Amino acid sequence: MKKRVAILGATGSIGTQALDVIKAQPDAFEVEVLTAHSNADLLIQQAIEFQPNAVVITKDELYETVREALASHPIKVYAGMNAVNSVVEMDSIDIVLTAMVGYAGLESTIKAIEAGKSIALANKETLVVAGQLITQLAREKGVNIYPVDSEHSAIFQCLAGEFHNPIEKIILTASGGPFRGKDRNFLQTVTKAQALKHPNWDMGAKITIDSASLMNKGLEVMEAKWLFGLKNEQIEVVVHPQSIVHSLVQFEDGSLKAQLGLPDMKLPIQYALHYPNRLKSDFPRFSFLDYPTLTFEQPDLETFRNLALAYSAMEKGGNAPCVLNAANEVAVAAYLRDEIGFLAMSDLISDCLAKVAYIATPSLSDLVHTDQETRRMAQELVNG
Ligand code: NAD
Ligand code: MG
């Protein structure tokens, strides 16, 4: 039986790599749904190649373009975010890959879980914002959430056969990004072109900036907390510039397990989509001879304040991670438009964390409201 896959955010870095995986494994997978936000041309091309049951373009004004281009194909075409929220419920879907970027993925992830679909989760922001609600809902619905993020996939792979053994701690590895070892003086003037050059990974713009600021690792700490049911103090971060050891688990007898490989998202994507069975692949193999030195160092929380801010939002709990995430999304977008400097991103996030009203046990509508309120405040701070 082929797994029928819905890819939300098919035109992005994760989405296109997922389609590469599917193309290479035609006996294992079939594409059922593809969605994209604004890249209509690529969505059309993907739809013609993979012949899904349905596609959704979330930008309404592009609907006619997509519909006309696919008119001669037996493919349903829809537009808008509400359409994404309903297509994920289709009976013919086995697993939903959440590969859209940011808070925008929250509602459709919830709808997919409510419909009982397995989730291959790339969209970490949804767990940062609503980890408590999402994991509780998944438990109620008996839905499994399989991590796509390479660090979390590493931990999940280390846990195979060990789910009955308590975890003592996990160690998430971080590449350190393009500015590892730099000081605040240097960061004062870094351009977006510099920040967009990640040493090891080729990813979408938002996560690439998050990697440069270490916010990505902060988001991943919270992602790990919810995926693996951990206490805050059980999650450590170590900088590992080569990105070969993807993360580690320490068990209660002191044993450490790690998962290693070249930095290539296709492997964790394929593992999540085809769990528990590994598929034979032709992904490039790692050799120790190419990497005679693997190094590890402490993250610099004073230079990279975003990681410290993420830890403090996690400690605070409630709606604080939602505030952190929304402020960060506005800050990254403003940085990418050259409206604020690199260090100003942390100032803006810190201001929002201090100012937005705290809610200890937020409902979904509290989180929606917190997100809106924070975006409004953050945008005001950007505008000055
Ligand atoms: P990307 O920017 O390359 O792609 C984003 C996708 O989401 C596109 O298909 C786009 O059409 C869609 N999208 C954007 N805005 C949307 C909106 N408002 N509504 C609906 N859809 C929208 O991003 P990416 O790098 O592929 O990252 C996707 C997610 O995966 C992020 O949450 C990221 O943190 C996570 N992730 C990415 C990588 C990676 O290597 N790229 C690794 C780990 C985790
Ligand atoms: Mg990662």
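Remember, it's a predicted structure, so these values are computed and weren't measured experimentally.

Peer 1: Is there a simple way to explain the domain arrangement of the protein chain in this structure?
Peer 2: When the parts of a complex come together, some accessible area is lost, and that lost area is often taken as the interface size. Split into domains, the protein chain comes out as domain 1 (3-147), domain 2 (149-264 + 296-305) and domain 3 (317-384). Placing a centre on the C-alpha atoms of domain 2 and another on those of domain 3 gives a separation of 22 Å. With 19 residues of domain 2 at the interface, the matching set in domain 3 holds 16 residues. Summed over both partners, the interface of domain 2 with domain 3 comes to about 1500 Å²; 69% of that surface belongs to carbon and sulfur atoms. Here domain 2 is connected to domain 3 by 2 salt bridges.

Peer 1: When you look at the sheet that holds strand 6 (residues 118-121) in this model, what are you seeing that I'm missing?
Peer 2: Pairing between the strands of a sheet comes from backbone hydrogen bonds, and it takes one of two forms, parallel or antiparallel. Spatially, the 7 strands line up as an open sheet ordered 4-3-2-1-5-6-7, and their pairing is parallel. Strands with a single pairing partner mark the edges of an open sheet, and in this sheet they are strand 4 (76-79) and strand 7 (145-147). Recorded for the sheet is a direction-independent mean angle of 20° between the axes of neighbouring strands. By the bridge criterion, 4 bridges tie strand 2 (residues 29-36) to strand 3 (residues 54-57) in an arrangement that is parallel. Looking at strand 3, one finds that T35 is bridged to V56. Sitting on the sheet, helix 2 (residues 40-50) touches strand 2 and strand 3, and the angle it makes with strand 2 is about 160°.

Definitions and limits used
Residues numbered from 1 in each chain as written. Chains lettered and ligands numbered in written order. Predicted model: local features only at pLDDT ≥ 70, side-chain atom pairs only at ≥ 80, totals over all residues. Heavy atoms only, no water. Domains from an automatic or database assignment. Contact = heavy atoms within 4.5 Å. Buried area = accessible area lost by both parts, 1.4 Å probe. Salt bridge = Lys/Arg side-chain N within 4 Å of Asp/Glu carboxyl O. Pairing = 2+ DSSP bridges. Helix = DSSP H or I, 4+ residues; strand = E, 2+ residues; numbered from the N terminus. Axes fitted to C-alpha atoms, helices over the stretch in contact; angles between N-to-C directions.

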